[in-house]
Amino acid sequence: MSTPTATEVKLDRFPHLYIKLDTPKGRGVFSNTPVPPGTILDICPVLLLSPAETVHHIAHTTMNHYTYNWPLRTTKNTPSSNAKTQAVVLGLGSMFNHSRSHQNVVWERDLERQVIVYRTSRWVEEGEELCISYGDRLTFEDAEERADGVQSDEDEVLDKIDLGAFS
């Protein structure tokens, strides 16, 4: 197998993933084997939407719940200071459910290659759901809060997210 060139992106997916259709959160991503921390689960290409597409079309559809914020670039290598658009994540990226208290997956945008890399942030047990944090501005009722009846303190949630371990 050859090494990808500058105009190619090697896509990688952990082979033991599956989608479960009947979780309290709807569909969810699971592993049928234990997964060590730092394991790449998926490298997902994204489809960038224009700001006009987002405002005039996507914002009025269910697709709006599955897009990610994406910084716009003013030049090839420099993201704009605060301009953003939306990206549709292909692959499993849009299937990871949200969790504040049981997050076990972190993700990182690769702006140049237009992909998102998903990695485990801790050991994941066989059969455990793989979850990311959607942040604090949810557009839905949080299933975990509904089940627990407890809302997490924002600082407590942020303390549990360790993005620096895989930078």
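Residues numbered from 1 in each chain as written. Predicted model: local features only at pLDDT ≥ 70, side-chain atom pairs only at ≥ 80, totals over all residues. Heavy atoms only, no water.

**Quick look at the overall build of the protein**
So, step 1. From N to C terminus, the protein includes three helices and nine strands.
So, step 2. Along the protein, helices (α) and strands (β) appear in the sequence β-β-β-α-β-β-β-β-β-β-α-α when read from the amino end.
So, step 3. A burial count over the protein gives 34% of its 167 residues as buried.
So, step 4. In the protein, once contacts between residues fewer than 6 apart in sequence are set aside, the share between residues at least 24 apart is 70%.
So, step 5. For the protein, the exposed area adds up to about 10,300 Å²; of that, 52% sits on carbon and sulfur atoms. (Helix = DSSP H or I, 4+ residues; strand = E, 2+ residues; numbered from the N terminus. Buried < 20%, exposed > 50% of the residue type's maximum accessible area, 1.4 Å probe, protein only. Contact = heavy atoms within 4.5 Å. Areas by Shrake-Rupley, 256 points an atom, 1.4 Å probe, with all protein chains shown as cover.)

**Details of the pattern of salt bridges**
So, step 1. Applying the stated criterion to the full structure yields four salt bridges.
So, step 2. Taking the shortest distance from any N to any O, the salt bridge between K10 and D12 comes out at 3.7 Å.
So, step 3. Between E128 and R122 there is a salt bridge; the shortest N-O distance is 2.6 Å.
So, step 4. With a relative accessible area of 30%, R122 lands in the partly exposed category. (Salt bridge = Lys/Arg side-chain N within 4 Å of Asp/Glu carboxyl O.)

**Some points on the nonpolar core**
So, step 1. Counting 21 residues, the largest nonpolar core has L41, F96, Y118 and L130 as the members making the most contacts within it.
So, step 2. Mapped onto this core, the elements with two or more residues apiece are strand 3 (40–48), strand 4 (67–73), strand 5 (79–89), strand 8 (115–120) and strand 9 (129–132).
So, step 3. Per-element accounting of this core gives the leading share, three residues, to strand 3. (Core = buried A, V, L, I, M, F, W, Y, C linked by side-chain atoms within 4.5 Å.)

**Some points on the packing of aromatic side chains**
So, step 1. Considering all chains together, one arrives at three aromatic pairs under this definition.
So, step 2. Ring centres of Y18 and F30 lie 5.8 Å apart, and the angle between their planes is 25 degrees; on these two criteria the pair is classed as stacked. Taken together, the positions of Y18 in strand 1 (residues 17–23) and F30 in strand 2 (residues 26–31) put the pair twelve residues apart, joining distant regions of the chain.
So, step 3. Among the residues examined, Y18 registers a relative accessible area of 34% and is labelled partly exposed.
So, step 4. An angle of 35 degrees between the planes, with centres 4.9 Å apart, marks the rings of F96 and Y118 as tilted. Here Y118 lies in strand 8 and F96 lies in the loop between strand 5 and strand 6 (97–98), a separation of 22 residues in the sequence. The same class applies to F96 and to Y118, which are both buried. (Phe/Tyr/Trp six-rings, centres within 6.5 Å; stacked < 30°, edge-to-face > 60°.)

**Observations regarding the environment of V124**
So, step 1. For V124, the position within the fold is in the loop between strand 8 and strand 9.
So, step 2. Accessibility expressed as a relative area gives 0% for V124, which makes it buried.
So, step 3. Separated by 85 residues in the primary sequence, V124 and T39 have C-alpha atoms spaced 10.0 Å apart.

**Some words on the pairing of strand 2**
So, step 1. By the bridge criterion, five bridges tie strand 1 to strand 2 in an arrangement that is antiparallel. Within strand 2, the position partnered with K20 by the bridge is G28.
So, step 2. Hairpin connection, strand 1 to strand 2: the antiparallel pair is bridged by two residues.
So, step 3. When strand 2 meets strand 9, the two strands line up antiparallel, connected through two bridges. Looking at strand 9, one finds that F30 is bridged to E129. (Pairing = 2+ DSSP bridges.)

**A few points about the sheet that holds strand 6**
So, step 1. Spatially, the four strands line up as an open sheet ordered 1-2-9-6, and their pairing is mixed. Every other strand in the sheet has two partners, leaving strand 1 and strand 6 as the edge strands with one partner each.

**Considerations on the confidence of the model for the protein**
So, step 1. In this model, the protein carries a mean pLDDT of 80, and residues with pLDDT of at least 70 account for 75%.
So, step 2. No element of the protein has a lower mean pLDDT than helix 3 (residues 154–160), at 47, and none a higher one than strand 8, at 96.
So, step 3. Low confidence marks residues 157–167, where pLDDT is under 50. Its contacts with residues over four positions away, or in another chain, come to 15 contacts. (pLDDT = per-residue confidence, 0-100.)

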